[in-house]
Amino acid sequence: MKEFYWNIETLEYYSTHQNEITNFVKFECDLEDGESEEMLIKDLTKQSKQYYKNLINNNTLKYRKI
């Protein structure tokens, strides 16, 4: 699966707002050749979950305003 670049603010926001990812991709993202909304949704979901896990594992979540 292709991995996309998401800025840190996007990953941070969607790490705690997973239910909004589909609408974000549908209404805010521009698809390039060979990409589908489903690909972006899956990738952003995966990366934002990983971002959240990293916050927990590094014990930095308690210091962040989310």
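In this convention, every chain numbers its residues from 1, walking through the sequence in written order. Thresholds applied to this predicted model are a pLDDT of at least 70 for local features of residues and 80 or more for the giving and counting of side-chain atom pairs; totals over whole chains, interfaces and linings are not thresholded and use all residues. As a rule here, side-chain values come from all non-hydrogen atoms in the structure, and water together with hydrogens is ignored.

A. Summary view of the layout of surface pockets. Cavity and pocket criteria rest on a 1 Å grid covering protein atoms alone: a 1.4 Å probe that fits but cannot get out defines a cavity, protein on both sides within 12 Å along at least 5 of 7 lines defines an open pocket, and an atom within 4 Å of a point defines a lining residue. Grid points are joined across faces, edges and corners, and a volume is the space filled by probe spheres set on the points. The calculated volume of the largest pocket comes to roughly 170 Å³. In terms of lining residues, the largest pocket is bounded by Phe4, Tyr5, Trp6, Phe24, Glu28, Cys29, Asp30, Glu32, Glu35 and Leu40. Residue polarity is assigned by list, with Asp, Glu, Lys and Arg as charged and Ala, Val, Leu, Ile, Met, Phe, Trp, Tyr, Cys and Pro as nonpolar; anything else, Gly included, falls into the polar class. Split by residue class, the lining of the largest pocket holds six nonpolar, no polar and four charged.

B. Representation of the packing of aromatic side chains within the structure. Between 30 and 60 degrees the pair is tilted, below 30 it is stacked and above 60 it is edge-to-face, where a pair is any two Phe, Tyr or Trp rings, Trp via its six-membered ring, whose centres lie within 6.5 Å. Summed over the entire model, instances satisfying the criterion amount to three aromatic pairs. Between Tyr14 and Phe24, the aromatic rings sit 4.9 Å apart at their centres with planes inclined by 40 degrees, giving tilted as the arrangement. On the criterion of sequence distance, the pair formed by Tyr14 in helix H1 (residues 8–14) and Phe24 in helix H2 (residues 21–28) is long-range, its members being ten residues apart. Relative accessible area serves as the criterion here: at 9%, Tyr14 is assigned to the buried category. In this structure an aromatic cluster arises from ring pairing among Trp6, Tyr13, Tyr14 and Phe24. Elements are defined by DSSP. Helices are runs of H or I of four residues or more, strands are runs of E of two residues or more, and each kind is numbered from the N terminus. Using a 1.4 Å probe on the protein chains alone, a residue whose accessible area is under 20% of its type maximum counts as buried, one over 50% counts as exposed, and one in between counts as partly exposed.

C. Representation of H2 within the structure. Regarding H2, the residues found buried are Ile21, Phe24 and Val25. End-on view of H2: buried residues confined to an arc of 95 degrees, all on one side of the axis. Residues of H2 that are buried in the fold lie against H1 and helix H3 (37–57). The arc in question is traced by the directions running from the helix axis to the C-beta atoms. Should any heavy atoms of two residues lie within 4.5 Å, those residues are counted as being in contact.

D. Spotlight on the pattern of salt bridges. The rule for a salt bridge is simple: a side-chain nitrogen of Lys or Arg has to be within 4 Å of a carboxyl oxygen of Asp or Glu. Under the counting rule described, the total for this entry stands at three salt bridges. For Glu3, the salt bridge goes to Lys46, with nearest N and O atoms at 3.9 Å. Of the two residues, Glu3 sits in the segment before H1 while Lys46 sits in helix H3, which places them 43 residues apart along the sequence.

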